Amino acid sequence: MEFDIILSLVFFAFCAGAIDAAVGGGGLIQIPALMGALPHYPTATVFGTNKLASICGTASAAFSYLKQVKIQWKLLAVIGITAFISSFGGAACVSLIPQEILRPFVLFMLIVIAIYTFFKKQFGQVHFQQEITRKMLLIAGVGGLLIGFYDGVFGPGSGSLLLFVFVKFFGFDFLNASASAKLVNLGTFSAALIFFVPSGNVLWTVGGVVAICNIAGSLTGVFLALR
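Just so it is clear, the model here is predicted, and its values are computed rather than measured.

So, how was this worked out
Along each chain, residues carry numbers from 1 onward, in the same order as the chain's sequence is written. Per-residue local features are limited, in this predicted model, to residues with pLDDT of at least 70; the limit for side-chain atom pairs, both in listing and counting, is 80 or more; totals at the level of whole chains, interfaces and linings are taken over all residues. Hydrogens and waters are ignored; side-chain quantities use all the structure's heavy atoms. Where helices and strands are cited, they refer to DSSP runs of H or I of at least four residues and of E of at least two residues respectively, numbered from the N terminus. Only protein chains enter the accessibility calculation, which uses a 1.4 Å probe; a residue whose area is less than 20% of its type maximum is buried, one above 50% is exposed, and one in between is partly exposed. Throughout, a residue-residue contact means that at least one pair of heavy atoms, one from each residue, lies within 4.5 Å. Each patch groups residues whose relative accessible area exceeds 30% and which form no salt bridge, using 9 Å between like charges and 5 Å between nonpolar side chains of Val, Leu, Ile, Met, Phe, Trp and Tyr. Note on areas: Shrake-Rupley, 1.4 Å probe, and residue coverage restricted to the protein chains presented here. Salt bridge, as used here: a side-chain nitrogen of Lys or Arg that lies within 4 Å of a carboxyl oxygen of Asp or Glu. Axes here refer to lines fitted to C-alpha atoms; in helices the fit is confined to the stretch in contact. Angles between the N-to-C directions go from 0 to 180 degrees. Orientation categories follow fixed angle ranges, with anything under 35 degrees roughly parallel, anything over 145 roughly antiparallel, 65 to 115 roughly perpendicular, and all other angles oblique. Should the near helix be turned counterclockwise from the far one by less than a right angle, the crossing is left-handed, whereas a clockwise turn marks it as right-handed. The rule is short: rings of Phe, Tyr and Trp, with Trp giving its six-membered ring, pair when the centres are within 6.5 Å, and they are stacked under 30 degrees, edge-to-face over 60, tilted in between. For every residue, the predictor assigns a confidence score, pLDDT, that lies between 0 and 100. Helices are assigned an expected span. That span is 1.5 Å times one less than the residue count. Working definition of a nonpolar core: buried Ala, Val, Leu, Ile, Met, Phe, Trp, Tyr and Cys residues. They are joined through side-chain atoms within 4.5 Å.

**Q** I'd like a description of the side chain of aspartate 20, backed by residues and values.
**A** Within the fold, aspartate 20 resides in helix H1 (residues 3-23). Exposure remark for aspartate 20: the relative accessible area of 16% places this residue in the buried category. In contact with aspartate 20, not counting residues within four places along its chain, are Gly25, Gly26, Gly27, Thr58 and Lys182.

Quick look at the structure:
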């Protein structure tokens, strides 16, 4: 890999980590950067390498957020477990879809999610303490299944979608929603890697470099979000 390509990956991975930690959607930057740097690799390998880097950045962001907010663990357990299961299924589907179909689909989805991320900026300012009901748990379960599958088969924007669910349906403020979304993403990324690693769809050296930059960006994003 040429030096200028490595330098661009470092830059975009840092930016992706910062944006993802603050508002989600870092994959909108990181996946296109990896696809440009690894044009001859299967899409599943690009996604697996991205998941390796993303889980490191997400873990550092989640740890930082946990120091600042109180987590609704019961609600988070439901959405986290369902998202974990469906994310593994989504990751398995990636390798079954022909590359000549998946790459144009990825480009289309990147445009759609970019538009979504641009217009969905109404994140919460006030946290409403609500009693957890069966309806909320049902919404958490269904939302976890849908977003988890999407995260496994594609990924970019899943953090933003989780933020929207936590704010819209559960009355979370921005920081609580961000922290909860990061914890759920840890589960979905782990589930996807359970498939990608044994199937040989992770480039460890590239993923390691991108992961370091992603962590640095995530810590910067959390710092900005808290302020």
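**Q** I'd like a description of a nonpolar patch on the surface, backed by residues and values.
**A** Together, Ile81, Phe84, Ile85, Phe88 and Ile194 give the surface a local cluster of nonpolar side chains, amounting to about 470 Å² of exposed area. The element best represented in the nonpolar patch is helix H4 (residues 73-94), accounting for 4 residues. As for its placement among the helices and strands, phenylalanine 88 is situated in helix H4.

**Q** Describe the packing of H1 against helix H2 (residues 27-37), with residues and values.
**A** Running from amino to carboxyl end, H1 crosses H2 at an angle of 165°, the nearest separation of the two axes being 8 Å. Between H1 and H2, the interaxial angle falls into the category roughly antiparallel. Relative to H2, H1 is oriented so that their crossing is left-handed. Here Ile5, Leu9, Phe12, Ala13, Cys15, Ala16, Ile19 and Asp20 of H1 come into contact with H2, specifically with Gly27, Ile29, Gln30, Ala33, Leu34 and Ala37.

**Q** Can you lay out the packing of aromatic side chains for me, pointing to particular residues and giving the numbers?
**A** The geometry of an aromatic ring pair is captured by the separation of the ring centres together with the interplanar angle, meaning the angle of the planes. Using the criterion set out here, one finds 8 aromatic pairs in the structure. Where phenylalanine 166 meets phenylalanine 170, the ring centres are 5.8 Å apart and the plane angle is 55°; that geometry is what we call tilted. Here phenylalanine 166 and its partner phenylalanine 170 are both found in helix H7 (residues 158-170), 4 residues apart, which amounts to about one turn of the helix. In terms of burial, phenylalanine 166 and phenylalanine 170 fall into one category: buried. Where phenylalanine 195 meets phenylalanine 196, the ring centres are 5.7 Å apart and the plane angle is 70°; that geometry is what we call edge-to-face.

**Q** Go over the confidence of the model for the chain, please, and point to the residues and values.
**A** Considering every residue of the chain, the mean pLDDT works out to 86; 93% of them sit at 70 or more. Helix H9 (residues 204-226) holds the highest mean pLDDT among the elements of the chain, 93, whereas helix H5 (residues 99-119) holds the lowest, 72. For residues 123-127, every residue scores under 50 in pLDDT, and the model assigns this stretch 18 contacts once sequence neighbours within four places are set aside.

**Q** How would you summarise helix H6 (residues 134-153) if you had to cite specific residues and measurements?
**A** Residues lying three or four places apart along an α-helix face the same way, a consequence of the helix completing one turn every 3.6 residues. Here H6 contains 20 residues, and its C-alpha end-to-end distance of 29 Å stays within 8% of the 28 Å for a straight helix at 1.5 Å per residue. The set of residues buried in H6 consists of Met136, Ala140, Gly141, Gly143, Gly144, Ile147, Gly148, Tyr150, Asp151, Gly152 and Val153. Glycine 155 lies just past H6 and shows a positive phi near 120°.

**Q** Which residues make up the nonpolar core, and what are the values?
**A** It is characteristic of soluble globular proteins that their nonpolar side chains tend to be buried jointly. With 34 residues, the main nonpolar core has Phe47, Val106, Phe154 and Phe196 as its most contacted residues. In terms of residues, this core owes the most to one element, helix H3 (residues 43-66), which gives 6 residues. Contacts of phenylalanine 47, omitting those with residues within four sequence positions, involve Ile31, Met35, Val94, Val106, Val153, Phe154 and Phe196. Judged by nonpolar contacts, the second largest core, of 29 residues, contains Ala21, Val69, Phe170 and Val184.

**Q** Outline the pattern of salt bridges, listing residues and values.
**A** For side chains of opposite charge, pairing can occur when their charged atoms come near one another. Here the structure, examined in full by the defined rule, presents 2 salt bridges. Salt-bridge contacts for lysine 182 lead to aspartate 20; the nearest nitrogen and oxygen are separated by 4.0 Å. Within this pair, whereas lysine 182 is found in helix H8 (residues 174-196), its partner aspartate 20 is found in helix H1, the two being separated by 162 residues in sequence.

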